Amino acid sequence: MSAVLDLASWVLLAGGGLCCLIGAIGMLRMPDFYTRVHAASLADTPGAGLILAGLLLQAGWSLVAVKLAAIALLLFLTSPA
């Protein structure tokens, strides 16, 4: 079971990193300010969510998981997308 949990968390972490990388490339490639902000917000919001989900799987049931859930709630309330 631990191997499956590790694999799932690494898939989520890799997916989140890929989303953030795509957002960074969008920031470099877009022509003006508003399209850059749009590209970054659309890619970085799910990227941060996937990274937090992967970290939650790694943390298990602990105080760290509660802190990660609080960060996820804060991102949910303040995200631009």
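These figures come from a predicted structure and were not determined experimentally.

An account of the state of the cysteines is requested, with residue identities and associated values reported.
Enumeration over the complete set of coordinates arrives at zero disulfides. Summary of cysteine pairing: Cys19 is not part of a disulfide, and the nearest cysteine sulfur, belonging to Cys20, is at 6.9 Å. The class for Cys20 is partly exposed, based on a relative accessible area of 27%.

Lay out the packing of aromatic side chains with the relevant residues and their values.
Per the stated rule, a full pass over the model turns up one aromatic pair. Relative to Tyr34, the ring of Phe33 has its centre 5.2 Å away and its plane inclined at 75 degrees; by these criteria the two rings are edge-to-face. Residue classification places Phe33 among the exposed positions, given a relative accessible area of 56%. For Tyr34, a relative accessible area of 66% gives the class exposed.

Rules used throughout
- Residues numbered from 1 in each chain as written.
- Predicted model: local features only at pLDDT ≥ 70, side-chain atom pairs only at ≥ 80, totals over all residues.
- Heavy atoms only, no water.
- Disulfide = S-S within 2.5 Å.
- Buried < 20%, exposed > 50% of the residue type's maximum accessible area, 1.4 Å probe, protein only.
- Phe/Tyr/Trp six-rings, centres within 6.5 Å; stacked < 30°, edge-to-face > 60°.

All quantities given are derived from atomic positions and should not be read as evidence of function.
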